[in-house]
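Each chain, letter by letter, is given below.
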Amino acid sequence: PRTVGVSVTVNGEAHRLDLDPRVSLLDLLRLHLDLTGSKKGCNQGACGACTVLLDGERVNACLVLAVSCDGQEVTTIEGIGTPEALAPIQDAFIEHDGFQCGYCTPGQILSSVALMDEAARGLPSVIDVDAPPCSAAELSDEEISERMSGNICRCGAYPGIRKAIHAVAS
Ligand code: FES
């Protein structure tokens, strides 16, 4: 079958691959680079388990064609913290019971990282268009829930996830 060359940098490491143009970014990561931290839940953009950062913005990797990422930078859960020294948001998820089974956690962590970055950049409220932008430390539970609504947790660990985000953002 016809393949297309794609160059991507994943967690700071440059890769050049020849791929079937139908391959998703999620399958590039999991099947071609053996980075299996990003999970495949629904494979149709509904659950958020596959959330990664693409040039710093969160995306559902199952919905992105790998060949469209040519020249871009991807950050996955493998690029957040290290086994010896977790990132503060990862420690906070442990401390505040932000997970049970853990399947959605990589996506939740990447979304949390993006959420705090969005707040730092002063993006406007997503629940009140008239409200002034607030810092990460000022995010309400409601605002966090809305900004994290693309990441489903079937164990229902949402209160712990919000606590973890509050703890790191404060
Ligand atoms: Fe991508 Fe569910 S696997 S959103």
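The chain carries the name Aldehyde dehydrogenase iron-sulfur subunit in an unreviewed UniProt entry, which gives Rubricoccus marinus as its organism.

**Student:** I tried to follow the sheet that holds strand β2 (residues 13–19) on my own but got confused; where do I start?
**Tutor:** Each strand in a sheet pairs with another by means of backbone hydrogen bonds, the pair being arranged parallel or else antiparallel. Read from one edge to the other, the open sheet built from 5 strands follows the order β2-β1-β5-β3-β4, with strand pairing classed as mixed. Of all strands in the sheet, those bounded by a partner on one side alone are β2 and β4 (57–60). Geometrically, the sheet is characterised by an average inter-axis angle of 40° between neighbouring strands, direction not taken into account. Here strand β3 (residues 51–54) runs beside strand β5 (residues 72–75); their pairing, made up of 2 bridges, is antiparallel. Of the residues in β5, the one forming a bridge with Leu53 is Thr75. The strands that helix α3 (residues 105–120) touches are β3 and β4; relative to β3, the one it contacts most, it runs at about 40°.

**Student:** When you look at the confidence of the model for the chain in this model, what are you seeing that I'm missing?
**Tutor:** Detailed reading of the predicted model is not advised wherever pLDDT is low. Of the residues in the chain, 100% have a pLDDT of 70 or more, and the chain-wide mean is 95. Scored as a whole, the predicted complex attains pTM 0.95, and scored at its interfaces, ipTM 0.98.

**Student:** What's the story with the domain arrangement of the chain in this structure? I'm lost.
**Tutor:** It is common to report an interface's size as the accessible area lost on association of the parts. Per the domain assignment, the segments making up the chain are domain 1 (4–79) and domain 2 (88–169). Between domain 1 and domain 2, the C-alpha centre-to-centre distance is 22 Å. Contacts between the two partners involve 13 residues from domain 1, matched on the other side by 12 residues from domain 2. The dominant element in the side of domain 1 that touches domain 2, judged by the number of residues it contributes, is β3, at 3 residues. Classifying every residue of the side of domain 1 that touches domain 2 by side-chain character gives 6 nonpolar, 5 polar and 2 charged.

**Student:** I keep staring at the pairing of β3 and nothing clicks. Help me out?
**Tutor:** Regular strands place side chains that alternate from one sheet face to the opposite one. Bridge analysis of β3 against β4 gives 4 bridges, and the strand direction is antiparallel. Looking across to β4, one finds that Thr51 is bridged to Asn60. As consecutive antiparallel partners, β3 and β4 are separated by 2 residues, and within that stretch Asp55 has a phi angle of approximately 50°, a positive value.

**Student:** Quick question: what am I supposed to make of helix α5 (residues 158–169) here?
**Tutor:** Since one α-helical turn is 3.6 residues long, residues separated by three or four positions face the same way. The end-to-end C-alpha distance of α5 is 16 Å, a good match for the 16 Å that 12 residues give at a rise of 1.5 Å each. Of the residues making up α5, those classed as buried are Gly160, Ile161, Arg162, Ala164, Ile165 and Val168. As for α5, its buried residues are in contact with α2 (88–95), α3 and α4 (141–147).

**Student:** Got a minute to help me understand the nonpolar core in this structure?
**Tutor:** Among soluble globular proteins, nonpolar side chains are generally buried collectively. Within the largest apolar cluster, 41 residues are counted, with the highest numbers of intra-cluster contacts made by Leu25, Val52, Ala61, Cys69, Ile89, Leu110 and Ala164. Only β1 (4–10), α1 (25–32), β3, α2, α3 and α5 provide two or more residues apiece to this core. For this core, the leading source of residues is α3, giving 7 residues. Two domains share this core, each providing at least three of its residues, namely domain 1 (4–79) and domain 2 (88–169). Ignoring sequence-local partners within four residues, the contact set of Ile89 consists of Ile109, Ser112, Val113, Ala164 and Val168.

**Student:** Which parts of the structure should I look at to understand the packing of α2 against α5?
**Tutor:** The description of two helices packed together rests on the angle between their axes and the distance between the axes. At a minimum axis separation of 8 Å, α2 and α5 run at an interaxial angle of 135°. Put simply, α2 runs oblique to α5. Between α2 and α5 lies a crossing whose hand is right-handed. Mapping the contact onto sequence places Pro88, Ile89, Ala92 and Phe93 in α2 and Ala164, Ala167 and Val168 in α5. Tallied by class, the residues present in the contact of α2 with α5 amount to 7 nonpolar, no polar and no charged.

Basis of the calculations
- Residues numbered from 1 in each chain as written.
- Predicted model: local features only at pLDDT ≥ 70, side-chain atom pairs only at ≥ 80, totals over all residues.
- Pairing = 2+ DSSP bridges.
- Helix = DSSP H or I, 4+ residues; strand = E, 2+ residues; numbered from the N terminus.
- Axes fitted to C-alpha atoms, helices over the stretch in contact; angles between N-to-C directions.
- Contact = placed C-beta atoms within 7 Å.
- pLDDT = per-residue confidence, 0-100.
- Domains from an automatic or database assignment.
- Nonpolar A, V, L, I, M, F, W, Y, C, P; charged D, E, K, R; others polar.
- Expected span 1.5 Å × (residues − 1).
- Buried ≥ 20, exposed ≤ 12 C-beta atoms within 10 Å, placed from the backbone.
- Core = buried A, V, L, I, M, F, W, Y, C linked by C-beta atoms within 7 Å.
- Parallel < 35°, antiparallel > 145°, perpendicular 65-115°, else oblique.
- Left-handed = near helix turned anticlockwise from the far one by under 90°.

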